[in-house]
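Residue strings, one per chain:
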Amino acid sequence: MAGQLSIAKALNEALRKSLESDPKTVLMGEDIGKLGGVFRITDGLQKDFGDDRVIDTPLAESGIVGTAIGLALRGYRPVVEIQFDGFVYPAFDQIVSQLAKMHARALGHVKMPITVRIPFGGGIGAVEHHSESHEAYFAHTAGLRVVSPSNAHDAHWMLRQAIESDDPVVFLEPKRRYWDKGEVGEDPMLPLHSARIVRPGTDATLIAYGPMVKVCQEAAQAAEEDGRRLEVVDLRSLSPVDFATVEESVKRTGRGIVVHEAPVFLGLGAELAARLTERCFYHLEAPILRVGGYHAPYPPSRVEETYLPDLDRVLDAVDRALAF
Amino acid sequence: MTVKSTSRARKKAAPGVPDPARAGSTAEPELVQLLTPEGDRVEHPEFPLTVTPEELRSLYRDLVLVRRFDAEATSLQRQGELGLWASLLGQEAAQVGSGRAMRTGDYAFPTYREHGVAWCRDVDPLNLLGMFRGVNNGGWDPNEKNFHLYTIVIGAQTLHATGYAMGITKDGADDAVIAYFGDGASSQGDVNEAFTFASVYNSPVVFFCQNNQWAISEPTTVQTRIPLYRRASGFGFPGVRVDGNDVLAVLAVTRWALDHARTGQGPVLVEAFTYRMGAHTTSDDPTRYRQSEETESWKAKDPILRLKAHLEKEGLADEAFFTGIEAESEQLGLRVREGVRSMPDPDPTLIFDHAYSEPHPLVDEERAEYEAYAASFEGGEHH
């Protein structure tokens, strides 16, 4: 496994290992067979594991998640692929009202070990409904776990951990990073729901996940040239959030800035800002700030750079935080 | 087996244009029937059925006890013991006939009205009342009796049933699944997606539609312009319309359909043509949307009376049998009444108990906060 892999390949290898290690694991989705998925994440898997385990489905998102629930009741461990973020809404009832609640409704008698893989987020110049960030909808729903890796190592190991989980996991793949390469180690290093400090610093904490981690790392690098040492925390898990790690960091730096692509209003940043304010109030030198998308539909791709947080918008927020 | 009625209906209208006069709930083409409303046995060439007198008496017992359970629950709702009840009055034969057609390894996916199917699966009737009383949102282990939790969002369970059936195929087992839904649900995307998945994967699932003519206040004509069983042909599998008030016909047709499914021949749609005699739920008022003459006309087709007439005509049961069933029915009513009234409220920490299978720090944290809050009250408990 060791070596430089793209996130896409790291995910592909994770699916392969999961199919190898548990005969009850099955993959389902549109075009995941011969095509290998529109992003080729399932490339070659149907050839090696057969169309009984890597199942091309009808073009029906509710059907994909709903039948996965039935398969889970029969003892299977389905991993379903939603082709693009904006296509998951037809499956919304099956995910938030059926999948998320089944374990509780059965008073614990049944488990729902289903992983819902969704390529999410913008930045690839796509057309409408191909660039959305819907993590807050899912993180808001008890019963679901929501995670998003930012690099190849985490992409590989977090997907394997998600598939092994007996709870339903919404697995958000940062599609604009699919082709970024990185080292994939032999060990997951962290439990699925732990955050990680990816860059230590002392002046402010940048909190991000998925595609925005790289932007924040670049911002921290740029800030260092101005003599500012920014800490970057990769949340990795959006439900549950590893608040202990985030809190500890913000208490040390006294400043926190949450960065995500999703609209700021009622986004994950709102929850983080509220909680950090409650818990770190006497340590804060500035209010927790948020950088994210606007309260508008995801825009046409020619102006998506305006919508998406970039290095300059992050650094502007750093300036504001440090000015308090 | 449905071709005859289909072609006949089409003769009256231009191809592809359904004749509204024959559409939906107003049309009754070729119901499979084995027992007339008067209690006479008739034969159907495609659905022969041999039943022993003992089986007939047993079916009668099921029908009566299920109706009694349902009536008791309705009363308990009126007395404030249940928050809501969805009565099956009038649909006993559709449920008992299909429920008794199942084998032990088969699996049922109900809506929220399948009390008679639950009875046939040997699920304790008191389990069904927990959700309506508000002590849980499901409450039983679906795998214990192969009877899934009630599903409230219309049609969602048909996909769960289909996925389960896909699993049966993968396992190489010869079990089958039955998915219950209503005429209103036939309009839902999930039901149509379930038809598609079941068809293309040739899954062993029987879609059992109880067409009780009304989706709350909307008649079947608002859902469809063709008889519902004919939907199946567009998805590539057979559809059959059965007299849903005839327990013998439902038994025969469902048994055939389940065998068809379990032997690798794919899904079947069974439309049980029946009638909801009561309200949609205890919150509903059917006098606002339907005529009493309609309800009266269906009384003449009552599933229990016709089987009783048959048993009496054929001398298959004596007075002592009927008296015995009545006594058993009283006992069931008493058990349900007392069971509901003594059903304990859950501990409030149930809220946190099964949100997740694995530990979840936010849930643990909020549980601890709640417990500390509750303990802060006098006596240590929050009332």
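For clarity, every value in this text was computed on a predicted model and none was experimentally measured.

### Quick notes on the overall build of chain A
Helices and strands together make up the secondary structure of chain A, namely 12 helices and 14 strands. A globule of 324 residues ought to have a C-alpha radius of gyration of about 20 Å, and chain A, at 19 Å, matches this closely. Its C-alpha atoms give chain A principal-axis dimensions of about 60 × 40 × 40 Å. Taking all 324 residues of chain A together, the buried fraction comes to 64%. In chain A, once contacts between residues fewer than 6 apart in sequence are set aside, the share between residues at least 24 apart is 81%.

### As for the environment of Asn211(B)
Residue and element names in this part refer to chain B. As for its placement among the helices and strands, Asn211 is situated in strand E3 (residues 205-211). Taking the C-alpha atoms as reference, Asn211 lies 29 Å from Ile325; in sequence the two are 114 residues apart. The residues contacting Asn211, other than those within four sequence positions of it, are Asp183, Thr220, Leu228, Arg241, Glu271, Ala272, Phe273, Thr274 and Tyr275. Within the local environment of Asn211, its side chain forms a polar contact with the side chain of Thr220, the two groups lying 3.2 Å apart.

### Structural notes on the UniProt feature "domain: Transketolase-like pyrimidine-binding" (unreviewed entry) in chain A
Sites flagged by UniProt as "domain: Transketolase-like pyrimidine-binding" (unreviewed entry) map to residues 5-180 of chain A. The span residues 5-180 of chain A is 36% helix and 17% strand, and its two end C-alpha atoms sit 8 Å from each other.

### What to know about the UniProt feature "domain: Dehydrogenase E1 component" (unreviewed entry) in chain B
Per the UniProt annotation, the sites labelled "domain: Dehydrogenase E1 component" (unreviewed entry) are residues 63-329 of chain B. With 48% helix and 12% strand, residues 63-329 of chain B has its two end C-alpha atoms placed 10 Å apart.

### As for the interface of chain B and chain A
Contact with chain B, which involves 45 residues of that partner, is made by 47 residues of chain A. Carbon and sulfur atoms make up 55% of the surface buried where chain B meets chain A, a total of about 3,600 Å² over both sides. It is Lys170(B), His354(B) and Tyr356(B) that lose the most area in chain B upon contact with chain A, and together they represent 18% of the buried surface on that side. Here Arg279(A) makes a salt bridge to Glu365(B), at a shortest N to O gap of 2.5 Å. The interface formed by chain B and chain A holds 27 residue pairs in polar contact (both at pLDDT 80 or more) in total.

### Here we look at the domain arrangement of chain A
All names here are of chain A. What the domain assignment lists for chain A is domain 1 (3-184) and domain 2 (196-323). Here the C-alpha centre of domain 2 lies 26 Å away from the C-alpha centre of domain 1. Taken together, the contacts link 29 residues of domain 1 with 23 residues of domain 2. For the domain 1 face of the interface with domain 2, the top three residues by lost area are Glu135, Arg176 and Arg177, together amounting to 22%. Counting across the domain 1 and domain 2 interface gives four salt bridges. The salt bridge involving Asp154 is made with Arg196; its shortest N-O contact spans 2.9 Å.

### Quick word on the pattern of salt bridges
Residues and elements named next belong to chain B. According to the stated counting rule, one finds 50 salt bridges over all chains in the structure shown. For the salt bridge of Arg335 with Asp124, the shortest nitrogen-to-oxygen distance reads 3.2 Å. Here Arg335, found in helix H13 (residues 319-341), pairs with Asp124, found in the loop between helix H4 (115-120) and helix H5 (125-133); they are 211 residues apart in sequence, far enough to count as distant. The residue Asp284 makes a salt bridge to Arg276 at a minimum N-O spacing of 3.7 Å. The exposure classification of Asp284 matches that of Arg276, with both residues buried.

### Considerations on the confidence of the model for chain B
Residues and elements named next belong to chain B. With 91% of its residues at a pLDDT of 70 or more, chain B has an overall mean of 92. Segment residues 1-27: pLDDT under 50, and 44 contacts once partners within four positions in sequence are set aside and those in other chains are kept. For this predicted complex, the interface score ipTM comes out at 0.96, while the overall pTM is 0.94.

### Focus on the layout of surface pockets
For the largest pocket, the calculated volume is near 1,000 Å³. Lining the largest pocket are 40 residues, and of these His140(A), Thr141(A), Ala142(A), Gly143(A) and Tyr356(B) lie nearest its centre. Among the elements of the structure, helix H5 (102-105), helix H6 (135-139), strand E12 (237-239) and helix H10 (268-280) of chain A together with helix H14 (350-353) and helix H15 (361-375) of chain B are those that each provide at least two residues to the lining of the largest pocket. If you tally residues by element for the lining of the largest pocket, the top one is H10(A), at four residues. For the lining of the largest pocket, the residue count by class is 23 nonpolar, 11 polar and six charged. Volume-wise, the second largest pocket comes out at about 510 Å³. As for the second largest pocket, its lining consists of 21 residues, of which Tyr89(A), Ser133(A), Tyr137(A), Pro263(A) and Tyr307(A) are closest to the centre. Taken together, the elements giving at least two residues each to the lining of the second largest pocket come down to H6 and strand E13 (256-263) of chain A.

### Digging into the sheet that holds strand E6 (residues 239-243) of chain B
Residue and element names in this part refer to chain B. Spatial ordering of the open sheet is given by E1-E2-E3-E7-E6, a layout of five strands whose pairing is parallel. Edge positions in the sheet fall to strand E1 (107-109) and E6, since each of these pairs with one other strand and no more. Neighbouring strand axes in the sheet, compared pairwise and without regard to direction, differ in orientation by 20 degrees on average. Taken together, the six bridges between strand E2 (residues 177-182) and E3 define a ladder with parallel strand orientation. Bridge pairing links Ala179 to Phe207 in E3. Where helix H7 (residues 156-171) meets the sheet, its contacts fall on E1, E2 and E3, and the angle it forms with E2 comes to roughly 170 degrees.

### Considering the pairing of strand E7 (residues 169-174) of chain A
Residue and element names in this part refer to chain A. The element E7 is largely enclosed, with a buried count of six among its six residues. Burial of E7 is two-sided: the residues Val169, Phe171 and Glu173 facing one way and the residues Val170, Leu172 and Pro174 facing the other way are all buried. For strand E5 (residues 115-120) and E7, the ladder comprises six bridges, and the chain directions are parallel. Note that in E7 the partner of Val116 across the bridge is Val170. Where strand E6 (residues 145-147) and E7 come together, three bridges link them in parallel fashion. In the strand pairing of E7, Arg145 is matched with Val169. Traced from E6 through helix H7 (residues 152-164) to E7, the parallel crossover comes out right-handed.

Conventions adopted
- Residues numbered from 1 in each chain as written.
- Chains lettered and ligands numbered in written order.
- Predicted model: local features only at pLDDT ≥ 70, side-chain atom pairs only at ≥ 80, totals over all residues.
- Heavy atoms only, no water.
- Helix = DSSP H or I, 4+ residues; strand = E, 2+ residues; numbered from the N terminus.
- Rg over C-alpha atoms; globule rule 2.2 N^0.38 Å.
- Buried < 20%, exposed > 50% of the residue type's maximum accessible area, 1.4 Å probe, protein only.
- Contact = heavy atoms within 4.5 Å.
- Polar contact = N/O pair within 3.5 Å; in protein donor to acceptor, adjacent residues only side chain to side chain.
- UniProt positions renumbered as here; feature names shortened; annotations may be inferred.
- Buried area = accessible area lost by both parts, 1.4 Å probe.
- Salt bridge = Lys/Arg side-chain N within 4 Å of Asp/Glu carboxyl O.
- Domains from an automatic or database assignment.
- pLDDT = per-residue confidence, 0-100.
- 1 Å grid on protein atoms, 1.4 Å probe; cavity = no way out; pocket = protein on both sides within 12 Å on 5 of 7 lines; lining within 4 Å.
- Points joined across faces, edges and corners; volume = space filled by probe spheres on them.
- Nonpolar A, V, L, I, M, F, W, Y, C, P; charged D, E, K, R; others polar.
- Pairing = 2+ DSSP bridges.
- Axes fitted to C-alpha atoms, helices over the stretch in contact; angles between N-to-C directions.
- Right-handed = clockwise from strand over helix to strand, strands pointing away.

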